[in-house]
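# A structural walkthrough
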Amino acid sequence: MTQNTLTKRLSDYQPYPFELEMVRLDFRLDPDATQVRARMAMRPLRAASALELDGEGLVLRKIAVDGRVLAASEYTQSDTGLVIHAAALPAQTFTLETEVEIAPAANTALEGLYMSNGMYCTQCEAEGFRKITYYPDRPDVMARFHVTVAGDAPVLLSNGNPVAQETGRAEWVDPWPKPAYLFALVAGDLVAHSGSFTTMSGREVALNIWVRKGDETRCAFALEALKRSMTWDEQVYGREYDLDIFNIVAVDDFNMGAMENKGLNIFNSKWVLASPETATDSDYERIEGIIAHEYFHNWTGNRITCRDWFQLCLKEGLTVYRDQSFTADMRLGPVKRIEDVSALRARQFREDRGPLSHPPRPDHYKEINNFYTATVYEKGAEIVGMLRQLVGPQGYRDALDLYFERHDGQACTIEDWLKVFEDSSGRDLRQFKHWYTDAGTPRLQVSDDFKDGTYTLEFTQKTDQTPGQGDKPARHIPIAVGLLSDTGADLIETKILEMTEPRQSFVFEGLSQRPVPSILRGFSAPVVLEFDTGHPPDSAFLLAHDSDPFNRWEAGRRLALQTVVAMAQGGAADPSYVAAIGALIKDGAADPAFCALCLALPSEDQIAQALHEAGKSPDPVAIHRAREALATALANAHEDALSALYDAMAVSGPYRPDPEPAGQRSLRLAALALLRRIDGGARAQALFDAADNMTESLAALGQVVAAGVGEAALATFRDRWQGDRLVMDKWFAIQLTASAPDQALSRAEKLVQDPLFDWKNPNRFRSLMSGFAANHAGFHRVDGAGYRFYADWLLRLDPLNPQVAARMSTAFETWARYDLTRQSLMRAELARIAQTEGLSRDLSEMSARMLG
Ligand code: 0A1
Ligand code: ZN
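This report concerns the structure included in the present document. In every chain, residue numbers begin from 1 and rise along the written sequence. Note on labels: chains are lettered from A, ligands numbered from 1, in written order. Per-residue local features of the predicted model are confined to residues with pLDDT of at least 70, and side-chain atom pairs are confined, for both listing and counting, to 80 or more; whole-chain, interface and lining totals are unaffected and use all residues. Hydrogens are left out, water is left out, and the side-chain values use all remaining heavy atoms of the structure.

## Topic: the pairing of strand 9 (residues 94-102)
Burial status follows relative accessibility: with a 1.4 Å probe on protein chains alone, a residue under 20% of its type maximum counts as buried, one over 50% as exposed, and anything between as partly exposed. For the purposes of this entry, the term helix denotes a DSSP run of H or I that reaches at least four residues, the term strand denotes a run of E that reaches at least two, and both are numbered from the N terminus. Across the nine residues that make up strand 9, a large majority, seven, are buried. Summarising the sheet, strand 3 (residues 34-44) and strand 9 pair through nine bridges and their orientation is antiparallel. Paired with valine 36 across the bridge in strand 9 is valine 100. Whether two strands pair comes down to DSSP finding at least two bridges between them. Across six bridges, the pairing between strand 5 (residues 59-65) and strand 9 is antiparallel. Across the sheet, leucine 60 pairs through a bridge with valine 100, a residue of strand 9.

## A short note on the sheet that holds strand 17 (residues 190-198)
With respect to topology, five strands assemble into an open sheet ordered 17-18-19-21-20, the strand pairing being mixed. Looking at strand neighbours, the two that pair on one side only are strand 17 and strand 20 (258-259), the edges of this open sheet. The contact rule is simple, with two residues in contact once any of their heavy atoms fall within 4.5 Å. Orientation is described by lines fitted to C-alpha atoms, with helices fitted over the stretch in contact, and by angles between N-to-C directions that extend from 0 to 180 degrees. Contacting strand 17, strand 18 (204-212) and strand 19 (245-251), helix 1 (residues 220-237) crosses the sheet at an angle of about 30° to strand 17.

## Points about the state of the cysteines
Put simply, a disulfide is two cysteine sulfurs that come within 2.5 Å. All chains considered together, the criterion is met by zero disulfides. Left without a disulfide partner, cysteine 313 is nearest to the cysteine sulfur of cysteine 306, which lies 8.0 Å away. Cysteine 598 takes part in no disulfide bond, and the closest cysteine sulfur to it belongs to cysteine 595, at a distance of 6.2 Å.

## Here's the deal with helix 10 (residues 575-586)
To estimate how far a helix should reach, multiply one less than its number of residues by 1.5 Å. Between its first and last C-alpha atoms helix 10 spans 17 Å; for twelve residues at 1.5 Å apiece the expected length is 16 Å, and the two agree. Among the residues of helix 10, Tyr577, Val578, Ala580, Ile581, Gly582, Leu584 and Ile585 are the ones counted as buried. Buried positions along helix 10 lie against helix 8 (539-545), helix 9 (549-568), helix 11 (592-599), helix 13 (620-637) and helix 14 (639-648). Measuring from the backbone nitrogen of serine 576 back to the side-chain oxygen at the start of helix 10 gives 2.9 Å, which picks out aspartate 574 as the cap. In the analysis that follows, any N or O atom pair within 3.5 Å is treated as a polar contact, provided that within protein one partner can donate a hydrogen and the other can accept it, and provided that, for residues neighboring in sequence, both atoms belong to side chains.

## Some details on the pattern of salt bridges
A side-chain nitrogen of Lys or Arg and a carboxyl oxygen of Asp or Glu constitute a salt bridge if their distance falls within 4 Å. Following the criterion strictly, the structure yields 76 salt bridges and no others. Here arginine 68 ties to glutamate 74 by a salt bridge, and the two come within 2.8 Å at their closest N and O atoms. On the basis of relative accessibility, which here comes to 40%, the residue arginine 68 falls in the partly exposed class. When salt bridges that share partners are traced, they join Asp26, Arg37, Arg39, Lys62, Glu97 and Glu99 into one network.

## Observations regarding the nonpolar core
By size, the foremost hydrophobic cluster in this structure holds 276 residues, and its most contacted members are Trp417 and Phe812. It is helix 5 (residues 374-407) that contributes the most residues to this core, 15 residues altogether. Not counting residues up to four positions away in its chain, the partners in contact with tryptophan 417 are Leu314, Leu318, Val384, Leu387, Leu400, Tyr403 and Tyr436. Working definition of a nonpolar core: buried Ala, Val, Leu, Ile, Met, Phe, Trp, Tyr and Cys residues. They are joined through side-chain atoms within 4.5 Å.

## With respect to the site of ligand 1
Among the 15 residues in the neighbourhood of ligand 1, the closest are listed as Glu125, Glu260, Glu294, Glu316 and Tyr377. Here a nitrogen atom of ligand 1 sits 2.7 Å away from a polar atom, N or O, in the side chain of glutamate 260. Within the side chain of tyrosine 377, one N or O atom sits 2.7 Å away from an oxygen atom of ligand 1. Put simply, the parts of the chain that give the shell around ligand 1 at least two residues each are strand 20, helix 2 (281-296) and helix 3 (312-330). Here the shell around ligand 1 is built from residues that sort into five nonpolar, five polar and five charged. Think of it this way: one heavy atom of a residue within 4 Å of a molecule or strand is enough to make that residue near it. Classes in brief: Ala, Val, Leu, Ile, Met, Phe, Trp, Tyr, Cys and Pro nonpolar; Asp, Glu, Lys and Arg charged; the others, Gly included, polar.

## Focus on the coordination of the zinc ion (ligand 2)
In this description, a donor is an N, O or S atom within 2.8 Å of the metal centre, a cutoff extended to 3.2 Å for sodium, potassium and calcium. Water is not part of the atom list, which can make sites seem incomplete. At the metal site, the zinc ion (ligand 2) is ligated by His293 (NE2), His297 (NE2) and Glu316 (OE), and these contacts range over 1.9 to 2.1 Å. In this scheme the shape depends on donor count and angles: four donors with every angle between 85 and 135 degrees give tetrahedral, four or six donors with opposite pairs above 155 degrees and others between 65 and 115 give square planar or octahedral in turn, and any other case is irregular. One can describe the site at the zinc ion (ligand 2) as tetrahedral: its four donor atoms subtend angles covering 97 to 127° at the metal. Written as a sequence motif, the donor arrangement for the zinc ion (ligand 2) is H-x3-H-x18-E. Of this pair, histidine 293 sits in helix 2 while glutamate 316 is found in helix 3, placing the two residues 23 residues apart along the sequence. Judged by its relative accessible area of 1%, glutamate 316 falls in the buried class.

Read these as geometric descriptors, not functional statements.
Given below as structure tokens:
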């Protein structure tokens, strides 16, 4: 078979020729030989169709139709499934029965039914169900599931409502038709942290968070976050929960963050368990966001699902948009927006600039697991945010109401989604659809002119070519604009300009002075904004005065990038930037969390990206030096003010993860990071010794390591936390991200020898390897040893866990940014990976795409 025949194409979509009315699954659990019996009521929709079922790694014990065991000649088995010939099938509804055997203990890929610390669990998205039983494993086949689980474990869970529970056996019925990727089963010696929720129509729902014994004391925050999510979805989207019970299970071995299985969410324990001593402020915020994300999927993903996997962003983009809005409402909206845009730029813009660029709705793939990307998720969310701006808040709510009314119980497409907006708002969204179908980040150039009271903004848009996509048509871009007076007052209310042409002007009349423009407020579209060099924006003025918090922060970021890029090329720190930061530190009115974001310098990876976007090749060593020098210059210029701020932001009383104290801590720690450059890590050491919470303890540890005086603190931390997997993950990561670049590799080489480096655990593997790759200058050593080390480990992991190996290979996606030496070293590692015998489909697709 050639590689190309493995490519799946959107244009090949065909509906399934059978309707699956009902599924009964009976499990007899055993680590080495679990028996799965499936009975499916199938209704043929087209005459004389063969019945195709997916199945991988299954030992078939029995296959029967309406009780008649099939002869071997009546079906064909292959590595990927089973086809029952049309002649073996009745013309009317029939029952297909299969029995298979699987070995969960041998499943290291963590897809299908597997074991984690002695407990059974499942992961079926996207195509894991086919590793459990023969089945039409595609999201447009939805069925009601009735599941029986028999096994020794005290707790036996599946989707839906429990209908029978006795020792060694449990029965679950899910009344809502669902695709197989939402199936879940959990069995283990678990304990629950429980609560309840009364829905808006007065139904009582039992809530449980299931964990290993000993972890139940770390579940309270997640449970409260779940209740807040349920309330928010009722209030903001009118969506009520629809089962009698909602279970969440924390699992230590998990490839991703969490999974929205109907009524039985499975979580990476990292995103459930939290206590002040073990979780940081940002962990708490992420836990709240991920709990919300998975819960929100109940409507956007489960009740309305995707027709096929090309439509993944239909559920993911919308659900990310919903969780971002939720967190913005629970916390400080503008701060959340800045965090989200920073993450978008760091991950999605990076992806879009390189060989892995793809549309939010791809039209072909080899391995769908490789498309759980920042483009599908985060850019997908930006597209929903743009739609909301185009139709307004009420128009958005009307559209969503229509979406739920029209499509409940269906498996949908992006076309269905856009049609809902067109029908409810009367707008034509054909041009807007390019956001879904076209890859690449548009570059938006702006120039302005002022004459006789008339101010003109002229925009030009251009989207570069991307792999497989040439010249692209103009996009429909909402550009939020404000105009400021020379004292910083808003001259107009923020206006959404709708750009639809390649070049387009917008005129503002009746102005008595030339305004200062504030463009792309709130980051109203995922584009790169470039200013006409003849008339650059007054960033220091905007940083001081813009009433739009996002653009205030953005002005500071622009200044920081400009000065650090100049410094990387031999220049000095820009005094106007240093002064602007000084003003910000002394601005008592600014919110601490916002201030902290303004004080944080762009990461080295972001600086490299900015240089690349400007057509220059980034030198990782020079970038590291320049960034350190800029931080030192800020610390020297504002030492007293920073020191006073550090003291003033100390939070008294017991730790609370709430936004207000968390914001104070973040500002305090931003000051600490700058001061570390001049106090040799003394304050950080004192904080490390005194801290009673993980937020400060970990940040202080990072700073002493960065100051080169962290060995004792690292040893103390390890002694204290060696029995705690989640905290030890932090220990592995921080010493690599924070260490001097020339020591990063030797540290990483030492850490892989540590007995606690359990490399088969995805969290532990990621902590070490991603921690190393995040040390920008350390990973990009000019001798290529960093690349080699990283590639060696990807190759080692691939046979066991291809999904994680493939996802982590994206450390190489930026090769085109760098000088020819580094380019050829990175490409050589990719080529070595690509040529490895027996490589997984996952990693093979990724390495081939990166090589181009
Ligand atoms: N749907 C989940 C993400 C997810 C996808 C794949 C997984 O295993 C391969 C696991 C989780 C979400 O969006 O949260
Ligand atoms: Zn999701």
